[in-house]
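# Chains, contacts and geometry: an overview
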Amino acid sequence: MTVTADQAAWFSQTFSAMVANCDKAVLGKEHVIRLALTCMLSEGHLLLEDFPGTGKTQLARAISGTVQGTNSRIQFTPDLLPSDVTGVTIYDPGTKVFEFHKGPIFATIVLADEINRASPKTQSALLEVMEEAKVTVDGVRHEVGAPFMVIATQNPIEQAGTYRLPEAQLDRFLMKTSLGYPDHDATVRVLRDAKTRDRTKALEPVVTSSVVIDMAELADEVHVDDAILDYVSRIAEETRRHVSVRLGLSVRGCLAFVRCAKTWAISQGRDHVVPDDIKLLASPVLNHRLLVTAEAAFAGITVEQVIAQILAEVAPPTERLAS
């Protein structure tokens, strides 16, 4: 199956309508909204690392309000148990059978707030659901449904009482990004409407869950030339041998790169991926998957700087072929 021009145009128009709807609640952050929706339509999960009060919860609610589905919020704390996330089986004396009571993970959009405050055991329970889209309780598997997306947040400045996410778990997030503080104009708009406590309450759904599934399937069919795949592979190889990097891009990371690039390309109305898609998505796809060495960190070298250097050194297909 190949994506037709009409299908690409429909996808792009629908995607833009979803972005515009979310932008009513999360002001001045169109690019981050586009990344988050790209993540959802690539059937992945998003990690937001940002300062308190920048709108992380609003973004999750805006997406769930845009998609006709359910949303839930799990506040992660050190005493949170895996069953508090997945659900629990309870014996009913009346019927004399065990009944499964679903946890908050059974929702279309799940906001896992301050994920690094929970114990590793609870983190693992969440990450298992993210990977399998299923919950196993007392030997019985329960599907969470589709679409399903976890938006996890962690605070970069409050590290007391936190459990750092291991690299293997970070790799399961399709993207990592941050909202950041709004610009001056957006801040003024927020303050002007200070009486509105929650802008997401006024949002009307733009698409149904079935449309999201159709869009995800359509994005899978976007063409990726072998030259683009070679480009992604060379970027990955360079991350593994870079002098400042001690953990490079995994094969799972390469697959995430391609999946995101397909969705981003069709959201722009194209039926194929171009090198600029790879460059634009490099930071959100790579910055939580790479680890710099202790020496590089001590010298002040950041992952973002390494990514920028690698993109500058690895020539994209057009430049390489032209030379």
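Quick summary incoming for the structure in this document. Starting from 1, residues in each chain are numbered consecutively following that chain's sequence as written. Whole-chain, interface and lining totals are the exception, using all residues; otherwise, since this is a predicted model, local features are given only for residues with pLDDT of at least 70 and side-chain atom pairs are given and counted only at 80 or more. To obtain the side-chain values, all non-hydrogen atoms of the structure were included, while hydrogens and water were left out.

## Let's talk about the sheet that holds strand 9 (residues 149–154)
If you walk across this open sheet you meet the five strands as 3-6-9-1-10, and the pairing is parallel. Each of the sheet's edge strands pairs with one partner strand only, and the pair in question is strand 3 (71–75) and strand 10 (175–177). Taken over all neighbouring pairs, the strand axes of this sheet differ in orientation by 20° on average, direction set aside. A pair of strands is labelled paired if DSSP reports no fewer than 2 bridges between them. The helix and strand labels rest on DSSP assignments: H or I over at least four residues marks a helix, E over at least two residues marks a strand, and numbering proceeds from the N terminus. Bridging between strand 6 (residues 109–113) and strand 9 involves four bridges; their strand directions are parallel. Each bridged residue has a counterpart across the sheet, and for Ile109 the counterpart in strand 9 is Met149. Strands in contact with helix 2 (residues 30–41) are strand 1 (46–49), strand 6, strand 9 and strand 10; relative to strand 10, the strand with the most contacts, it is inclined by about 165°. Every axis in this analysis is a line fitted to C-alpha atoms, fitted for helices over the stretch in contact. Angles between the N-to-C directions lie between 0 and 180 degrees. For this analysis, residues touch if any pair of their heavy atoms sits within 4.5 Å.

## Some remarks on the pattern of salt bridges
Basic side-chain nitrogens of Lys or Arg form a salt bridge, by our definition, when they fall within 4 Å of a carboxyl oxygen of Asp or Glu. All chains considered together, the criterion is met by 10 salt bridges. A salt bridge links Lys176 to Glu49, with the nearest nitrogen and oxygen atoms 3.6 Å apart. With Lys176 in strand 10 and Glu49 in strand 1, this residue pair connects regions lying 127 residues apart in the sequence. Whether a residue is buried, partly exposed or exposed follows from its accessible area with a 1.4 Å probe, protein chains only, as a fraction of its type maximum: under 20%, in between, or over 50%, in that order. We classify Lys176 as buried; its relative accessible area is 15%. With a relative accessible area of 27%, Glu49 lands in the partly exposed category. Arg252 is paired through a salt bridge with Asp171; the nearest N and O atoms lie 3.1 Å apart. A residue pair is termed long-range when its members are at least 10 positions apart, and Arg252 in helix 10 (residues 251–267) and Asp171 in the loop between helix 6 (167–170) and strand 10 qualify at 81 residues. Since its relative accessible area comes to 33%, Arg252 is described here as partly exposed. A network of salt bridges, in which partner residues are shared, links Asp171, Arg252 and Arg289.

## Digging into the pairing of strand 7 (residues 134–137)
Here strand 7 shows one buried face, formed by Val135 and Val137, and one open face, formed by Lys134 and Thr136. In this antiparallel pair of consecutive strands, strand 7 and strand 8 (residues 140–143), the connection spans two residues, and Asp138 shows a positive phi of 55°.

## A closer look at helix 13 (residues 303–313)
Among the residues of helix 13, Val303, Val306, Ile307, Ile310 and Leu311 are the ones counted as buried. In an axial view of helix 13, the angular spread of the buried residues amounts to 130°, which keeps them on one side of the axis. Those residues of helix 13 that are buried lie in contact with helix 9 (226–241), strand 12 (245–247), helix 11 (275–286) and strand 13 (291–292). What the arc describes is the spread of directions from the helix axis to the C-beta atoms.

## Structural notes on the packing of helix 1 (residues 5–23) against helix 8 (residues 209–220)
Contact geometry for helix 1 and helix 8: axes closest at 11 Å, N-to-C directions at 130°. Taken together, the axes of helix 1 and helix 8 lie oblique to each other. Considering the relative orientation of helix 1 and helix 8, their crossing is left-handed. Residues Gln7, Trp10, Phe11, Thr14, Phe15 and Met18 of helix 1 touch helix 8, and the partners they reach there are Val211, Met215, Leu218 and Ala219. In what follows, roughly perpendicular refers to angles from 65 to 115 degrees, roughly parallel to angles under 35, roughly antiparallel to angles over 145, and oblique to any angle outside these ranges. Crossing handedness: left-handed means the near helix sits turned counterclockwise from the far one by under a right angle, and right-handed means the same turn made clockwise.

## Here's the deal with the pairing of strand 3
Side chains of strand 3 alternate between two faces, with Ser72 and Ile74 buried and Asn71, Arg73 and Gln75 left unburied. Across five bridges, the pairing between strand 3 and strand 6 is parallel. Of the residues in strand 6, the one forming a bridge with Arg73 is Leu111.

## Describing a negative patch on the surface
Each patch is assembled from residues with relative accessible area greater than 30% and no salt bridge, linking like charges that lie within 9 Å and nonpolar side chains (Val, Leu, Ile, Met, Phe, Trp, Tyr) that lie within 5 Å. Here the Shrake-Rupley method, with its probe set to 1.4 Å, supplies the accessible areas, and only the displayed protein chains count as covering residues. His is not counted, nor are the chain ends, whereas Lys and Arg count as positive and Asp and Glu as negative. Throughout, a charge is located at the NZ atom of Lys, the CZ atom of Arg, the CG atom of Asp or the CD atom of Glu. Side chains of Glu43, Asp214, Glu217, Asp220 and Glu221 sit close together on the surface and give a patch of like negative charge. Here Asp214 is to be found in helix 8. Exposure remark for Asp214: the relative accessible area of 41% places this residue in the partly exposed category.

## Considerations on the side chain of Thr239
Structurally, Thr239 can be placed in helix 9. Setting aside anything within four residues of it in sequence, one finds Thr239 in contact with Val245, Gly248, Leu249, Leu290 and Ile310.

## What about the side chain of Thr122?
Here Thr122 lies in helix 5 (residues 120–132). When sequence neighbours within four positions are dropped, the list of residues in contact with Thr122 reads Phe76, Leu80, Leu81, Pro82 and Val85.

## Focus on unusual backbone geometry
Peptide bonds are trans in most cases, and residues, glycine excluded, mostly fall at negative phi. In the segment running from Ala146 into Pro147, the intervening peptide bond is cis, with an omega of -5°. Within the secondary structure layout, Pro147 lies in the loop between strand 8 and strand 9. Despite not being glycine, Glu114 has its phi angle at roughly 55°, a positive value. Tracing the chain through its elements places Glu114 in the loop between strand 6 and helix 5.

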